[in-house]
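Given next are the chains, with one letter for each unit.
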Amino acid sequence: MSQNRHLSADRETRWWLLIFYWLLLLASALLLRPLIPVDETRYLSVAWEMWRNGDFLVPHLNGETYAHKPPLLFWLMHAGWWMFGVNEVWPRMIAPLLSLFCLYLVQRLAMRLWPGKMQIAAHAPWVLFGTFVWLIFFTLVQFDMLLVFCTLLGMLGMFDAGRGKTSGWWLLSLAIGLGLLAKGPVILLHLLPAALLGPLWVGDRRENWGRWYAALFACVLGGAVMVLAWAIPAGLEGGEKYRNAIFWGQTANRVVNSFAHREPWWWYLPMLPLLLLPWSLWPRLWKSAAGLERKRPDRGMRFLASWILPTLVLFSLVSGKQIKYLLPLLPALSLVIAWLLQGSRGKEGKRMDLGVVMLLLAGLFLLGLPLFAPQSAAWWIRDISPLWGGLLLMLGVLAAWLPLRVLPDAVVRITSAAVLILLAVQPALMTAAGNAYDLREISRQVKHYQDQGRKLAYIGKYHGQFNFLGRLEEPVKRLNTRNAPAWAREHPQGLLIIYDIDNELPLKNTVFDQNYRGSRRALKILESHSYLRAVGES
């Protein structure tokens, strides 16, 4: 019976179409978008230095220990390089592959929460994939998708443990260990609240709660053993500063500093509608939510409430806030949306549904952006071609007249519209920005000068953005505007790299320059004597 339910859910989900959309967006990102500085270039540079040095215990960035992130993502990059050689494509494939696993896991979790309700299991992956935040993040070289995967794995194990399956505890322990190796103790904020609130959702099955919490403690202990198997030898090898950073800075120090309230506690509340775009704009969803009093919260919804609400409260108490920090909650929120939509019926003959409106509005936005962007905006915004906005408008008109039987499912139609929007927005932005975010050429220049034996230094905060792209063998010296003149006098044959955002240094003094971020020809390489002359220190 269980096998039949799986097959039925897979058929209703239309995995072939979902994977086709996934492939389109992945191919678009790989072909059109370079590694975005500074995060993507930094993470690959850390992996590159570990690989180059043959040191897989202690991450390094630009010759210094890098304690900001644990090593699991870097190890996954190394696994691909071991099989295929050092390349850019494999690290950019990791997050998309994890996202595909997450779509599968969210369907399996839906089937556990609501056995027999195939519509929820079929819709949940589409709701998750169709969320704009997910569509944007799943192709980025970041740690967040790995954390989402660990969270979903842990929740599956936890719910199985609530059904009396011992294997669920093992899966939860594995998820905690992987999460600790992926992004540190933050995995505990995602997994422990729901586990601690087990009495609220486990249901009618009699449970020895002392045994439950003892098993939970054993899971945390097992996950801690996994991370300590790396952290102890890494701390011994990395030295006292690195050891203090991974044992204190990754845990207690972050908790202490987290209450500085750089953002108010309520900051995430207005962010939730943005996180849930486009679903938060769908009238049918709000209509279903309005009739919530007629839907009795079942075990599955109690489980999701125990997952979402306390986690949201905990993250609201932490001062550092970004919308991506809530990405591991997105599968739970997608399951809530799929549950709300079960059995709902819209006007199937209505052509101007949310998907059509999305395409039309996105087309108008792309058409108007170059015309109405403020003067202070990035220079390349005004170079966005009207072709892409016009294409979305045409697709919107076509979708309005397309027979509804082509895509009869409203959830699939909305997700399809979101995918089409991303497929138009990405080339629109990338073709306009030109090389403003592509550091490959300057990285090759840096490598060329290093091979010549010339000293190089970067003025400002350097994130290692050239190290992987240039396959650098030596670190780049970091300077500031105070000590740069002295370094230039000490190294008359040296070169200085500077992000001259206000274009204060004359271009005639540069040996290389390029557009960078929102400024034209702002990233520059100067010889020492040219820099001294430009700043009046010669």
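None of the values given here were measured: they were computed from a predicted structure. In every chain, residue numbers begin from 1 and rise along the written sequence. Whole-chain, interface and lining totals are the exception, using all residues; otherwise, since this is a predicted model, local features are given only for residues with pLDDT of at least 70 and side-chain atom pairs are given and counted only at 80 or more. With hydrogens and water stripped out, all remaining heavy atoms of the structure feed into the side-chain values.

Pairing is possible between side chains that carry opposite charge, provided their charged atoms lie close to one another. Whenever Lys or Arg places a side-chain nitrogen within 4 Å of a carboxyl oxygen from Asp or Glu, that contact is recorded as a salt bridge. This model, assessed by the stated rule, comprises 17 salt bridges. Residue Arg-163 is joined to Asp-160 by a salt bridge in which the shortest nitrogen-to-oxygen separation is 2.8 Å. Under the scheme applied here, a residue whose accessible area is under 20% of the maximum for its type counts as buried, over 50% as exposed, and between as partly exposed, the area being computed with a 1.4 Å probe on protein chains only. Judged by relative accessible area, which is 33%, Arg-163 ranks as partly exposed. Residue Asp-500 is joined to Lys-524 by a salt bridge in which the shortest nitrogen-to-oxygen separation is 2.7 Å. With Asp-500 in the loop between strand 5 (495-499) and strand 6 (510-516) and Lys-524 in strand 7 (residues 519-527), this residue pair connects regions lying 24 residues apart in the sequence. Each member of the pair, Asp-500 as well as Lys-524, is classed as buried. Here the salt bridges share partners, and the residues they tie into one network are Arg-112, Asp-160 and Arg-163. We count a stretch as a helix when DSSP gives it H or I for four or more residues in a row; a strand needs E for two or more, and each element gets its number in order from the N terminus.

Note that Phe-468 resides in the loop between strand 3 (456-459) and strand 4 (477-479). For the pair Phe-468 and Pro-278, spaced 190 residues apart in sequence, the C-alpha to C-alpha distance is 36 Å.

With that settled, consider the pairing of strand 5. Counted residue by residue, strand 5 has four buried out of five residues, so it is predominantly covered. Strands are treated as partners if at least two bridges between them are detected by DSSP. When strand 3 meets strand 5, the two strands line up parallel, connected through four bridges. Directly across from Ile-459, in strand 5, lies its bridge partner Ile-498. In the sheet, strand 5 pairs with strand 7 via five bridges, with the strands oriented antiparallel.

Put simply, two rings from Phe, Tyr or Trp (the six-membered ring, in Trp's case) pair if the centres are within 6.5 Å, and we call them stacked under 30 degrees between planes, edge-to-face over 60, tilted for the rest. On inspection of all chains with the given rule, the structure shows 25 aromatic pairs. Each ring, one from Tyr-21 and one from Trp-126, has its centre 6.0 Å from the other, and the planes form 85 degrees; the classification is edge-to-face. Here Trp-126 lies in helix 6 (residues 118-129) and Tyr-21 lies in helix 2 (residues 15-32), a separation of 105 residues in the sequence. For the pair Tyr-21 and Trp-126, a shared accessibility class is recorded, and that class is buried. Taking 6.2 Å as the distance between ring centres and 80 degrees as the angle between the ring planes, the aromatic pair formed by Trp-380 and Tyr-437 counts as edge-to-face. With a gap of 57 residues between them, Trp-380 in the loop between helix 19 (354-372) and helix 20 (386-401) and Tyr-437 in the loop between helix 21 (410-433) and helix 22 (440-451) connect regions that are remote in the sequence. Classification of Trp-380 as buried rests on a relative accessible area of 10%. Grouping aromatic residues by their ring pairs yields a cluster made of Phe-159, Trp-169, Trp-201, Trp-209, Trp-212, Phe-303 and Trp-307. The rule for a charge over a ring is simple: NZ of Lys or CZ of Arg within 6 Å of the ring centre, and within 35 degrees of the ring normal. Positioned over the ring face of Phe-143 is Lys-69, at 5.6 Å from the centre of the ring. For the cation-ring pair, Arg-471 lies above Phe-468, with the distance from its terminal atom to the ring centre recorded as 4.1 Å.

Detailed reading of the predicted model is not advised wherever pLDDT is low. pLDDT: the predictor's confidence for each residue, scored from 0 to 100. Looking at the protein, pLDDT values average 90 and 91% of them are 70 or higher. Only heavy atoms enter the contact rule, under which two residues are in contact if any of them lie within 4.5 Å. A low-confidence stretch, residues 252-256 stays under pLDDT 50, and its non-local contacts, those more than four residues away or across chains, total four contacts.

All right, on to the nonpolar core then. Counting 164 residues, the largest nonpolar core has Phe-129, Trp-134, Leu-304, Trp-307 and Phe-466 as its most contacted members. Discounting chain neighbours no more than four positions away, the residues touching Phe-466 are Leu-439, Ile-442, Ser-443, Val-446, Tyr-458, Arg-471, Leu-472, Ile-497 and Leu-523. Nonpolar cores are built from buried Ala, Val, Leu, Ile, Met, Phe, Trp, Tyr and Cys residues. Side-chain atoms within 4.5 Å join them into one set.

Here the focus is the side chain of His-123. Along the chain, His-123 falls in helix 6. A distance of 2.8 Å separates a polar atom in the side chain of His-123 from a polar atom in the side chain of Asp-409. Here His-123 is in contact with Ala-338, Asp-409 and Val-411, once residues within four sequence places are set aside. Polar contact is defined as a pair of N or O atoms within 3.5 Å, subject to the rule that within protein one atom must be able to donate a hydrogen and the other to accept it, and that residues adjacent in sequence are counted only when both atoms are side-chain atoms.

With mixed pairing, five strands are arranged side by side in an open sheet as 4-3-5-7-6. On the outer flanks of this sheet lie strand 4 and strand 6, each paired with one strand and no other. Ignoring which end each strand starts from, the neighbouring axes of this sheet average 25 degrees apart. When strand 3 meets strand 4, the two strands line up parallel, connected through three bridges. Its bridge partner being in strand 4, Ile-459 is matched across the sheet by Leu-479. Axis angles are defined between N-to-C directions and span 0 to 180 degrees, where every axis is a line fitted to C-alpha atoms and, for a helix, only to the segment in contact.

For the rest of this paragraph, the subject is unusual backbone geometry. Looking along the chain, the bond that leaves Pro-37 and enters Val-38 is cis, with omega of 10 degrees. A cis amide bond links Leu-277 to the next residue, Pro-278, at an omega of 5 degrees. If you trace the backbone, Pro-278 turns up in the loop between helix 15 (268-275) and helix 16 (283-290). Its identity is not glycine, yet Arg-517 carries a phi of approximately 55 degrees, on the positive side. Along the chain, Arg-517 falls in the loop between strand 6 and strand 7. Residue Arg-517 is classed as partly exposed on the basis of its relative accessible area, which comes to 27%. The residue Arg-521 is not glycine, and still its phi comes out positive at about 50 degrees.

Let's shift gears to the packing of helix 2 against helix 5 (residues 89-113). In contact at an axis separation of 11 Å, helix 2 and helix 5 are set at 160 degrees when each is read in the N-to-C sense. Looking at the two axes, helix 2 sits roughly antiparallel to helix 5. Of the two elements, helix 2 crosses helix 5, and the hand of that crossing is right-handed. Residues Trp-15, Leu-18, Ile-19, Trp-22, Leu-26, Ala-29 and Leu-30 of helix 2 form the contact with helix 5, whose participating residues are Val-89, Arg-92, Met-93, Pro-96, Leu-97, Ser-99, Leu-100, Leu-103, Tyr-104 and Gln-107. Note that Gly is not counted as nonpolar here; it falls among the polar residues with everything else outside the nonpolar set of Ala, Val, Leu, Ile, Met, Phe, Trp, Tyr, Cys and Pro and the charged set of Asp, Glu, Lys and Arg. Among the residues making up the contact of helix 2 with helix 5, the classes are represented as 14 nonpolar, two polar and one charged. Put simply, angles under 35 degrees are roughly parallel, angles over 145 are roughly antiparallel, angles from 65 to 115 are roughly perpendicular, and the rest are oblique. By convention, the crossing between two helices is left-handed when the near helix turns anticlockwise from the far helix through less than a right angle, and right-handed when the turn is clockwise.

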